[in-house]
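Chain residues, written in single-letter form:
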Amino acid sequence: MSKTPTVSQVSTPGSVIALIILALLLFAGLLVSKDYGIFLGASSFLILRLLLRLIAREHRRGLKLVSQQRFNEAIPHFLQSYDFFDQRRWLDNYRAIFLLSPSAISYREMALNNVGFCYSQIGDGANARKYYEQCLARFPQSGIAAAALKMMNAASELRNP
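Residues numbered from 1 in each chain as written. Predicted model: local features only at pLDDT ≥ 70, side-chain atom pairs only at ≥ 80, totals over all residues. Heavy atoms only, no water.

*Asks:* Honestly, the pattern of salt bridges in this entry has me stumped. Any pointers?
*Replies:* Charged atoms that come close allow side chains of opposite charge to pair. Applying the stated criterion to the full structure yields five salt bridges. The partner of Glu 73 in a salt bridge is Arg 70, and the shortest N-O contact between them spans 2.6 Å. Accessibility expressed as a relative area gives 39% for Glu 73, which makes it partly exposed. Accessibility expressed as a relative area gives 35% for Arg 70, which makes it partly exposed. Where Arg 108 meets Asp 92, a salt bridge forms, and the shortest distance between an N and an O atom there is 2.8 Å. With a gap of 16 residues between them, Arg 108 in helix H7 (residues 107-121) and Asp 92 in helix H5 (residues 89-93) connect regions that are remote in the sequence. A relative accessible area of 8% places Arg 108 in the buried class. Assessed through its relative accessible area of 0%, Asp 92 is described here as buried. (Salt bridge = Lys/Arg side-chain N within 4 Å of Asp/Glu carboxyl O. Buried < 20%, exposed > 50% of the residue type's maximum accessible area, 1.4 Å probe, protein only. Helix = DSSP H or I, 4+ residues; strand = E, 2+ residues; numbered from the N terminus.)

See below:
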């Protein structure tokens, strides 16, 4: 278990989409086999989910390194994830359908927040601020980036009254 705090925001519509896809696969499984249909449908869903996770592998590699507190090593993975999803915005925008990801925030927003977090953990406040500000510029509703910047500003005021 990681000692590094993480935030996960789940989208209700994204969860509903995943449940609908699961139901469709269960139904298809029952059409194929009355005896093993539920197993076939559930297995298909799990295999599909695992295969689709490969698409966001750089994001997951970065998260694994963060959980190991290897923040410097995680940064390039989050940047690669950002670039990948920035070039395929349609995939990020419809991640609930194409990736079965019920996340309430995009991979691009997560990547920028994670880079800012990593820089803050290695003591590079200037780069942390840069990425949180970049995140807010691209995603004005980013509560994570806004909260991080408020915390950084409050810490600066405490040091420099």
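*Asks:* I would appreciate a short explanation of the state of the cysteines in the present structure.
*Replies:* Two cysteines, two sulfur atoms, one covalent bond between them: this is a disulfide. Counting across every chain of the model gives zero disulfides. Just so you know, Cys 118 is unpaired, no disulfide at all, and the nearest cysteine sulfur is the one on Cys 135, 13 Å from it. (Disulfide = S-S within 2.5 Å.)

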